[in-house]
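# Geometric and topological summary
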Amino acid sequence: MHNHMELTFSAVAQNEAFARMVISAFLMQANPTLTVISEVRTAVSEAVTNAVVHAYGAQGGNIVLRATLSGSRVDVEVEDFGCGIADIDQAMQPFYTSQPDTERTGMGFVLMQSFMDTLSVHSAAGNGTIVKMSKSLEEQPS
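Below or above, wherever it landed, is the structure these notes cover. (Residues numbered from 1 in each chain as written. Predicted model: local features only at pLDDT ≥ 70, side-chain atom pairs only at ≥ 80, totals over all residues. Heavy atoms only, no water.)

What follows covers the overall build of the protein chain. Across its full length, the protein chain holds four helices and five strands. Going from the N terminus to the C terminus, the protein chain shows its helices and strands as β-α-α-β-β-α-α-β-β. A total of 142 residues make up the protein chain; the buried ones form 42% of that total. Pairs at least 24 residues apart make up 64% of the contacts formed inside the protein chain by residues separated by at least 6 positions. (Helix = DSSP H or I, 4+ residues; strand = E, 2+ residues; numbered from the N terminus. Buried < 20%, exposed > 50% of the residue type's maximum accessible area, 1.4 Å probe, protein only. Contact = heavy atoms within 4.5 Å.)

Below, the discussion takes up the packing of helix α2 (residues 34-56) against helix α4 (residues 108-115). For the pair α2 and α4, the least separation of the axes is 9 Å and the interaxial angle reads 155°. The orientation of α2 relative to α4 falls into the category roughly antiparallel. The two elements α2 and α4 meet at a crossing, and its hand is left-handed. Only Gly108, Phe109, Leu111, Met112 and Phe115 of α4 make contact with α2, whose side of the interface consists of Glu39, Thr42, Ala43, Glu46, Ala47 and Asn50. Residues of the contact of α2 with α4, tallied by class, amount to six nonpolar, three polar and two charged. (Axes fitted to C-alpha atoms, helices over the stretch in contact; angles between N-to-C directions. Parallel < 35°, antiparallel > 145°, perpendicular 65-115°, else oblique. Left-handed = near helix turned anticlockwise from the far one by under 90°. Nonpolar A, V, L, I, M, F, W, Y, C, P; charged D, E, K, R; others polar.)

For the structure shown, the criterion picks out one aromatic pair. Judged by centre distance (6.0 Å) and plane angle (85°), the ring pair of phenylalanine 9 and phenylalanine 18 falls under edge-to-face. The class for phenylalanine 18 is partly exposed, based on a relative accessible area of 36%. (Phe/Tyr/Trp six-rings, centres within 6.5 Å; stacked < 30°, edge-to-face > 60°.)

Attention now moves to the environment of aspartate 117. As for its position among the elements, aspartate 117 is in the loop between α4 and β4 (118-123). With residues up to four places along the chain from it excluded, the contact list for aspartate 117 reads Ser134, Lys135 and Ser136. Only 2.6 Å separates the side chain of aspartate 117 from the backbone nitrogen of serine 136, close enough to count as a polar contact. (Polar contact = N/O pair within 3.5 Å; in protein donor to acceptor, adjacent residues only side chain to side chain.)

Right, let's talk about unusual backbone geometry for a bit. Non-glycine residue asparagine 31 carries a positive phi angle of around 55°. Mapped onto the elements of the fold, asparagine 31 is located in the loop between α1 (14-28) and α2.

Rendered as structure tokens:
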């Protein structure tokens, strides 16, 4: 099976749940386990949340969610056109947050890494961010 989807939506908190629903519906055609669906949903939700909170803040903007099913693998991209990440290595450290005065935990990238097989972040200050993730749809033995 090979299928691709791309969706652009507003960077508002209400669309975090929308993104989870969209990726879940897209994955259903490959008949993955509930665990795999849950892990991909969570990773996508964290990436979208980062874009809503950190890329744009109150000014808003757009987020693009892309997903490709190829055989037993899904590749996902979450792209924003916001402020970008000046130091990706620092941003990916557990508990790091660019907003320490808020209730943010700084665990978004850590969760994405733990639930997906691969994660890469491409960003430059002022030029937005693309989070690329992939996962096998076949549950791996523990």
